[in-house]
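Chain by chain, the residues:
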Amino acid sequence: MATLSWRDGRGNQEKYLLEVDGVELDLVQKKLGELTGLGTGGNVWNAVIVFSKWIEKNYGGGRHKDLWKGKTIMELGSGTGMGGIACAHIMKGASQIVLTDQAQVLSIIEENVARNRDRIPELEKVSVREFEWGSDVKAFKDPVSPPFDWIIACDCIAPIFPLHLLLKSMIELSDENTTILIGSEQRQFTQSFWDGARGAFDITVIPEEDMDPRYCDDDIQIFVFKKKKQQLAAQSS
Ligand SMILES: C[S@@+](CC[C@H](N)C(=O)[O-])C[C@H]1O[C@@H](n2cnc3c(N)ncnc32)[C@H](O)[C@@H]1O
């Protein structure tokens, strides 16, 4: 019988370990971050676990590698870095992978990238940078400028965050070639984000059968966002 034990206590452990495509990701967590000013980025959240196992199931083992060859990838709200580290491992051949978050979170991402470098050679292509949602995307140049080919974000759609700024950044960092992958736990009071997002992007939901059978739950979904044509026209005028 399927159990939800993978959801238990991840926030109380010093480390979170997860096997993804033959490699054990080894992530440190900072306990009580929400009480110490670090914010929510010190823990591995549930949606990024589901996301990492989904990408393994559908794209692991070097399948579909032309999708990422030479492509640029950005993670928004990276937290412990799990999503970006899993993508670096799966999306082999990407040219640049940039993991971003607020300034106070960057040292955790850097620590986790360093911890996993021996077993994931693709982490050589990973950079860790500050990016505050809503900030000027034209100023973001190092190591690569937007638009990105792929953008990922896990567990960033929560009412405690400035979701209008997250959406603004998603629009400004993307173009017609960008695919945005969002792993998200359903949360109340996020409707205005979804209304705005549906205005700017065509959004599809990954079907249940594509999810990892163990690492899934009814309230966690993965979405694929592609920019709508009228949004592209509005941006270019
Ligand atoms: C719930 S955590 C999720 C972390 C990680 N993606 C995961 O799933 O484990 C949300 C992340 O969004 C980041 N975040 C919140 N507000 C932000 C903002 N205004 N600009 C950039 N990042 C922000 C937080 O620092 C945190 O790392």
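Everything below is about the structure printed above this text.
Residues numbered from 1 in each chain as written. Predicted model: local features only at pLDDT ≥ 70, side-chain atom pairs only at ≥ 80, totals over all residues.

### With respect to the nonpolar core
Proteins that are soluble and globular tend to have nonpolar side chains buried together.
Part 1 of the reasoning: In terms of nonpolar packing, the biggest core is built from 65 residues, with Val50, Ile73, Cys87 and Ile151 touching the most fellow members.
Part 2 of the reasoning: In terms of residues, this core owes the most to one element, helix H2 (residues 46-59), which gives seven residues.
Part 3 of the reasoning: Not counting residues within four places of it along the chain, the set of residues in contact with Cys87 comprises Ile55, Ile73, Ile97 and Ile152. (Core = buried A, V, L, I, M, F, W, Y, C linked by C-beta atoms within 7 Å. Buried ≥ 20, exposed ≤ 12 C-beta atoms within 10 Å, placed from the backbone. Helix = DSSP H or I, 4+ residues; strand = E, 2+ residues; numbered from the N terminus. Contact = placed C-beta atoms within 7 Å.)

### Here we look at the packing of H2 against helix H3 (residues 82-90)
Part 1 of the reasoning: Relative to each other, H2 and H3 sit at 10 degrees, their axes nearing to 9 Å. Accordingly, the angle class assigned to the pair H2 and H3 is roughly parallel. Within the contact between the two elements, H2 uses Val48, Phe51, Ser52, Ile55, Glu56 and Tyr59 and H3 uses Met82, Gly83, Ala86, Cys87 and Ile90.
Part 2 of the reasoning: Its residues assigned to classes, the contact of H2 with H3 comprises eight nonpolar, two polar and one charged. (Axes fitted to C-alpha atoms, helices over the stretch in contact; angles between N-to-C directions. Parallel < 35°, antiparallel > 145°, perpendicular 65-115°, else oblique. Nonpolar A, V, L, I, M, F, W, Y, C, P; charged D, E, K, R; others polar.)

### Digging into the site of the ligand
Part 1 of the reasoning: Taken together, 24 residues form the shell around the ligand, and within it Gly41, Trp45, Val48, Gly77 and Gly79 come nearest.
Part 2 of the reasoning: Among the elements of the structure, H2 and H3 are those that each provide at least two residues to the shell around the ligand.
Part 3 of the reasoning: Of the residues that constitute the shell around the ligand, the class distribution is twelve nonpolar, nine polar and three charged. (Near = placed C-beta within 6 Å.)

### So, helix H4 (residues 106-116)
Part 1 of the reasoning: Within the sequence span of H4, burial applies to Ile108, Ile109, Asn112, Val113 and Asn116. Summarising the axial view, the buried residues of H4 lie within an arc of 135 degrees, below the 170-degree limit, and thus occupy one face. Pointing more than 90 degrees away from the buried face of H4 are the exposed residues Ser107 and Ala114.
Part 2 of the reasoning: On its buried face, H4 sits against strand E2 (23-28), H3, strand E4 (96-101) and strand E5 (126-130). (Arc of directions from axis to C-beta.)

### Side note on the sheet that holds strand E6 (residues 150-154)
Part 1 of the reasoning: The strand order across the open sheet built from seven strands is E5-E4-E3-E6-E7-E9-E8, with neighbouring strands paired in mixed fashion. The open sheet terminates on both sides in strands that have one partner only, identified here as E5 and strand E8 (201-205). When strand polarity is set aside, the average angle formed by the axes of neighbouring strands in this sheet is 20 degrees.
Part 2 of the reasoning: Pairing between E6 and strand E7 (residues 179-185): five bridges, direction parallel. Of the residues in E7, the one forming a bridge with Ile152 is Leu181.
Part 3 of the reasoning: Contacts from H2 reach E6, E7 and strand E9 (220-227), with the element oriented near 130 degrees to E7.
Part 4 of the reasoning: Taken strand by strand, helix H6 (residues 191-200) contacts E8 and E9, and its axis lies near 115 degrees from that of E8. (Pairing = 2+ DSSP bridges.)

### A word on the pairing of strand E3 (residues 72-76)
Part 1 of the reasoning: The buried fraction of E3 amounts to five of the five residues, a majority that puts the element mostly inside the structure.
Part 2 of the reasoning: Burial along E3 is two-sided: Thr72, Met74 and Leu76 and Ile73 and Glu75, pointing in opposite directions, are all buried.
Part 3 of the reasoning: Sheet analysis places E3 next to E4, joined by four bridges and oriented parallel. Bridging across to E4, Met74 finds its partner in Val98.
Part 4 of the reasoning: Taken together, E3, H3 and E4 constitute a β-α-β crossover, and its handedness is right-handed.
Part 5 of the reasoning: Where E3 and E6 come together, four bridges link them in parallel fashion. Across the sheet, the residue bridging to Ile73 is Trp150, located in E6. (Right-handed = clockwise from strand over helix to strand, strands pointing away.)

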